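Coordinate inspection notes
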Amino acid sequence: MATITLSNVSKDYGGGPVLRGIDLEIREGEFVALMGPSGCGKSTLLRLIAGLEEPGGGQIHIDGRLVNDVAPKDRDLAMVFQSYALYPHMTVRENMSFALKQRRLPQTEITKAVEAAAAKLGLTALLERKPKALSGGQRQRVAMGRAIVRDPKAFLFDEPLSNLDARLREQMRYEIRKLHRELGATSVYVTHDQVEAMTMADRIVALNDGAIQQVGSPQDLYDNPANLFVAGFLGSPPMNFLDATLAPDGALVVEGQTLVRAPLSLPPGTTVTLGLRPEHLALTTPADGVPVRVDMVEPTGTGRVVHLALGAQRLKLFTMDTRPLAPGDAVGLMVPPGAPLLFQPGTGTRIG
Ligand code: ADP
Ligand code: MG
């Protein structure tokens, strides 16, 4: 098990900064998700930790040892990718034994390590098969088995589940998480999928445009996002963002309608971006709430996502309410006092 510390780490491939002043401390045994959209620098950051790329600046420490000039194979980390990169001509057993054979471990030790990992991963019956005779999920398990047998200081995952269908992804999320609980190994998990980050990570590192936006527990980022990026990335359906103005009495006004009191006092006339989570909103009659119009209704099974028009602006509401609803219906919107988050329109910084 290892700690991984990044201090002011930067990277530029020649086309401008890809990572900017990354400071991050990954604790021993922790499962950390590096989460952000495609192209934000997640894989680059993981490859820097692995030693597959050199940082342009800054320092990387593993277990307190500066590793900037340490070769990947001497960092004692194991990577698991989305493309499983299994050797097609080798059996599962041979694939999982490969790294240990290269290390010239005695055959009895290799057999023991491979069979123990196979048992953990439910691969015992498949050890003599070739990869082509395995399902996608089984191949991904072999790729993990290959990492586990090396008994690395830490696991580095780069979107390992992207090739799998939704059902299998859900199952593998559970299996990776369970494996982490058993092995207790420090794990860094790159994903663009907010559900993976939310469900799997002890802490999420939200990355955008090469810079860390926020670090914290999934619930912390969900409840207390530092800016519009984090607020909009976590949650499905995503948070609503509305253009609002502060009234003299401290109310937030959207499209001429008073929605709710602002959670902090601001000068009248201040314009803000108002963030409202769909599941915090409720429906009522037009007379009892803010009058809005139903634009679309999407059943999810557990409830419904209702698209609403408030003047020229649109928002979504999630409800378990079962009243009949159809496009065009006039309904009332209720915004509970604790619901609003306020952001500065230009910078996107959270202000309340
Ligand atoms: P992510 O994994 O978050 O999708 P990457 O770390 O792969 O993002 O890439 C971040 C940025 O760096 C992208 O703009 C990408 O085009 C660029 N990049 C990544 N690898 C290289 C490379 N080897 N050479 C040049 N540019 C690269
Ligand atoms: Mg990537």
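Small disclaimer: the values here were computed from a predicted structure and weren't measured.

Relative to the assigned elements, Leu-308 resides in strand β17 (residues 304–310). We classify Leu-308 as buried; its relative accessible area is 0%. In sequence terms Leu-308 and Pro-327 are 19 residues apart; their C-alpha atoms lie 9.1 Å from each other. If sequence neighbours within four positions are ignored, Leu-308 has contacts with Val-292, Arg-293, Val-294, Asp-295, Gln-313, Arg-314, Leu-315, Leu-317, Val-331 and Leu-333.

It is worth spelling out the sheet that holds strand β1 (residues 4–12) at this point. Within the open sheet, the 4 strands sit side by side as β2-β1-β4-β5. Their pairing is antiparallel. Two strands close off the open sheet at either side, each with one partner strand: β2 (17–26) and β5 (65–66). In this structure, β1 lies alongside strand β4 (residues 57–62), joined through 5 bridges in antiparallel fashion. By the bridge assignment, Leu-6 is partnered in β4 with Ile-60. Together, β1, β2 and β4 form the strand contacts of helix α1 (residues 42–50), whose direction differs from that of β1 by roughly 120 degrees.

This next bit is on the sheet that holds β17. In space, the 5 strands of this open sheet follow the order β15-β19-β16-β17-β18, with antiparallel pairing throughout. Bordering the open sheet on either side are β15 (282–284) and β18 (313–319), each of which pairs with just one other strand. Across the sheet, the axes of successive neighbouring strands diverge by a mean angle of 45 degrees, strand direction being ignored.

All right, on to the nonpolar core then. Residues Met-96, Met-144 and Ile-176 are the most contacted members of the largest nonpolar core, which totals 45 residues. The element best represented in this core is helix α4 (residues 136–149), accounting for 6 residues. When sequence neighbours within four positions are dropped, the list of residues in contact with Ile-176 reads Phe-31, Met-144, Phe-157, Pro-160, Leu-161, Tyr-189 and Met-200.

Okay, the pattern of salt bridges next. Pairs may arise between side chains of opposite charge once their charged atoms sit close together. The full count for this structure, using the stated rule, is 14 salt bridges. The partner of Glu-30 in a salt bridge is Arg-203, with the nearest N and O atoms 2.5 Å apart. Residue Glu-30 is found in the loop between β2 and β3 (31–35), and its partner Arg-203 is found in strand β9 (residues 203–208); the two are separated by 173 residues along the sequence. Take Glu-30 and Arg-203: they sit in the same class, and that class is buried. Bridged by salt links that share partners, the residues Lys-11, Arg-47 and Glu-53 form one connected network.

So, about the domain arrangement of the protein. One can read the domain layout of the protein as domain 1 (4–233) and domain 2 (240–343). Using C-alpha coordinates to define each centre, domain 1 is positioned 40 Å away from domain 2. At the interface, 7 residues of domain 1 touch 6 residues of domain 2. When domain 1 packs against domain 2, the two sides together hide about 600 Å² of surface, and 63% of this comes from carbon and sulfur. Counting across the domain 1 and domain 2 interface gives 0 salt bridges. In this assembly, domain 1 and domain 2 are joined by 2 residue pairs in polar contact (both at pLDDT 80 or more). Among the elements that line the side of domain 1 that touches domain 2, the one with the most residues is helix α8 (residues 228–233), at 3 residues.

The rules behind each value
Numbers given to residues run from 1 along each chain, matching the order in which its sequence is written. As a convention, the first chain written is A and the first ligand written is 1, with the rest following in written order. Confidence filtering applies because this is a predicted model: local features only for residues at pLDDT of at least 70, side-chain atom pairs given and counted only at 80 or more, and all residues used for totals across whole chains, interfaces and linings. The basis for every side-chain value is the complete set of heavy atoms in the structure, and neither hydrogens nor water enter the calculation. Put simply, DSSP H or I for four residues or longer makes a helix, DSSP E for two residues or longer makes a strand, and each gets a number counted from the N terminus. Throughout this description, buried means an accessible area under 20% of the type-specific maximum (1.4 Å probe, protein chains only), exposed means over 50%, and partly exposed covers the range between. Contact between two residues is taken to exist if any of their heavy atoms lie within 4.5 Å; hydrogens are not considered. Strand pairing is assigned whenever DSSP identifies at least 2 bridges connecting the two strands. As a rule, the C-alpha atoms of each element are fitted with a line to give its axis, helices using only the stretch in contact, and angles between N-to-C directions run from 0 to 180 degrees. The nonpolar core is taken to be a set of buried Ala, Val, Leu, Ile, Met, Phe, Trp, Tyr and Cys residues, with the residues joined through side-chain atoms within 4.5 Å. Here, a salt bridge means any side-chain nitrogen of Lys or Arg that lies within 4 Å of a carboxyl oxygen of Asp or Glu. Domain start and end points were adopted from an automatic or database domain assignment. Summed over both partners, the accessible area (1.4 Å probe) lost when two parts come together is defined as the buried area. Think of a polar contact as two N or O atoms within 3.5 Å of one another; within protein, one of them needs to be a possible hydrogen donor and the other a possible acceptor, and neighboring residues in sequence only count if both atoms come from side chains.

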